[in-house]
Structures are given as C-alpha cells and as structure tokens.
Amino acid sequence: MDSSILEKIEELRKVFDANRNKEDAHHMEAYMKNHFKMYGIKATPRRQLSKFFIDYCKSYPQSFKVEIARILHGYPERELHHVAQELLGKGYKRNIAEDDIHWITEFITTNSWWDSVDFVAPQLAGAYFLKYPEKRQEICDEWINSDNIWLIRSAILFQLKYKERTDLDFLFTIILKTCHTKEFFINKAIGWILRDNSRRIPEEIKAFVKAHGEKLSPLSKKEALRLLK
C-alpha cells in the first residue's frame, strides 16, 4: 500500500473526528446494540464528508479498492466501514471479475450486522450473480449451509434490486431451505424480499405464502403480506 493512500485515509479519519457528535454517537451505538463505535455522523453528512476520499480512490483498480476497504474495516468506527462499502460499490458493475466472490463473502462476514450485509448482498453479490449466474447455485448452497446468519441472509436478499429479473423459483427455493429457524434476521429478510416482490407480482406472493404458510415464521408472513389486501 503506497503512502499517499495511507495519508488520505488519515485525512478522512481526521475529517470524521472533527465532525464527531458525541450525543448522536451514543444514540447510534445504542441503535446498533453497541456492536460498533460511532463518530455520530449520519448518512448524508457522512457521504458529503467522505466524497473527497471516494473521488480520490475512484481511479484505482477494484483489487486495490478491496485492500483500502480492508484497512478501513480495521478501524472500530462504523462510519469508516460504510465508506469502505461505498468505495467497493463505486463503479463495481463495470468491473466485476469471477473471483470477486471471495472478497464479497469476506465483507459479508467481516464486522457483520444488518446495515453492512444489506448493502453488500444486493449491491455487490447481486451484481456479481447477474454477471456470473452459473456461480449462483454453488455459492448460495455454501452460504445457506453455513452457520453464519449473515451469509444466509445474503443468499435471501441478493435479488432485492432485481425487480423483473428476479428468478422466483430460485428465490422460493432459497426461502424454503432457510425458513426453519427462529433467527430474527433470517425471518425478517424472508418477509422483506417477499414484501418487496409483492409490489410487482402480488398474486404470486400471496399464492406462495398460502401454500407454505405453515413453514414460514409469523414474522415472515406478516412482513410478506403487509402491502397486500
């Protein structure tokens, strides 16, 4: 890693530290169940404050951005983790490589919580599987057979942005393989993606919930049918 990018990372940290809000940090840390330290910088000002850094890094190849993201993930403050995710997502659809799934999996399982996974799964894994659909079955099988709830959640949510490109059969199969759990973050993800698809194909979602309602958790069913009459 060259010294110029390390200096730029330190500049970013100094900017965030100068804009620290202790009161907001306390509330934000509590909201995140105290899993992470926070500067107390909310999303919109965070993106404004980090724009100089993202712009500086945008010309680097994706492999170098991954290394930068790893450094940012090494700090305790959650806002730096979010900058890492935004850096990885910048222009990613134009630069997808077949072996990217390794670092995508790494960032799903590093400093994991719903806020990071809900970016990486649809934005990065989702883009990856559109380019390499032949990898989808193998990788998702690995994810859902793991004991990592965030990999399982990612297998459920990677199609979240697909809209009409959603492979419903694949989605329904994943749901039926993962719904036998009391894990909140998995059941919430199932309900979320079913609800999101209900905006576009309500009858298909109602039919799925009716056919498999005894297998789905009450939370998943409630979320899935929230927009349906």
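These lines cover the structure that appears in this document, whether it is placed above or below. (Residues numbered from 1 in each chain as written. Predicted model: local features only at pLDDT ≥ 70, side-chain atom pairs only at ≥ 80, totals over all residues. Heavy atoms only, no water.)

1. Things to note about the overall build of the protein chain
- From N to C terminus, the protein chain includes 13 helices and 0 strands.
- Here the C-alpha radius of gyration of the protein chain, 19 Å, is about what a compact globule of 229 residues would show, namely 17 Å.
- Dimensions of the protein chain, computed from the C-alpha atoms along their principal axes, are close to 55 × 40 × 30 Å.
- When each of the 229 residues of the protein chain is scored for burial, the buried share is 51%.
- The long-range share in the protein chain, meaning contacts at least 24 apart out of those at least 6 apart in sequence, stands at 70%.
- Summed over its atoms, the accessible surface of the protein chain is roughly 11,700 Å², and 50% of this surface lies on carbon and sulfur atoms. (Helix = DSSP H or I, 4+ residues; strand = E, 2+ residues; numbered from the N terminus. Rg over C-alpha atoms; globule rule 2.2 N^0.38 Å. Buried < 20%, exposed > 50% of the residue type's maximum accessible area, 1.4 Å probe, protein only. Contact = heavy atoms within 4.5 Å. Areas by Shrake-Rupley, 256 points an atom, 1.4 Å probe, with all protein chains shown as cover.)

2. Section: helix 5 (residues 78-89)
- Taking 1.5 Å of rise per residue, the 12 residues of helix 5 would be expected to cover 16 Å, and the 17 Å separating its terminal C-alpha atoms lies within 8% of that figure.
- Most of helix 5 sits out of view: 11 of its 12 residues are buried.
- Those residues of helix 5 that sit buried are Arg 78, Glu 79, Leu 80, His 81, His 82, Val 83, Ala 84, Gln 85, Glu 86, Leu 87 and Leu 88.
- The inward-facing, buried residues of helix 5 abut helix 1 (3-18), helix 2 (22-31), helix 3 (43-57), helix 4 (62-73), helix 6 (101-109) and helix 7 (114-131).
- Downstream of helix 5 by one or two residues, Gly 91 has phi in the positive range, about 70°. (Expected span 1.5 Å × (residues − 1).)

3. Observations concerning the packing of aromatic side chains
- The final tally for this structure, using the stated rule, is 17 aromatic pairs.
- Geometry around Tyr 56 places Lys 8 over its ring, the cationic atom sitting 4.6 Å from the centre. (Phe/Tyr/Trp six-rings, centres within 6.5 Å; stacked < 30°, edge-to-face > 60°. Lys NZ or Arg CZ within 6 Å of the ring centre and 35° of its normal.)

4. Some words on the nonpolar core
- With 73 residues, the main nonpolar core has Phe 53, Ile 68, Leu 72, Ile 104, Phe 129, Trp 143 and Ile 156 as its most contacted residues.
- Considering each element in turn, this core owes the most residues, 8 residues, to helix 7.
- With residues up to four places along the chain from it excluded, the contact list for Trp 143 reads Ile 101, Thr 105, Ile 108, Ala 125, Phe 129, Leu 151, Ile 152, Ser 154 and Ala 155. (Core = buried A, V, L, I, M, F, W, Y, C linked by side-chain atoms within 4.5 Å.)

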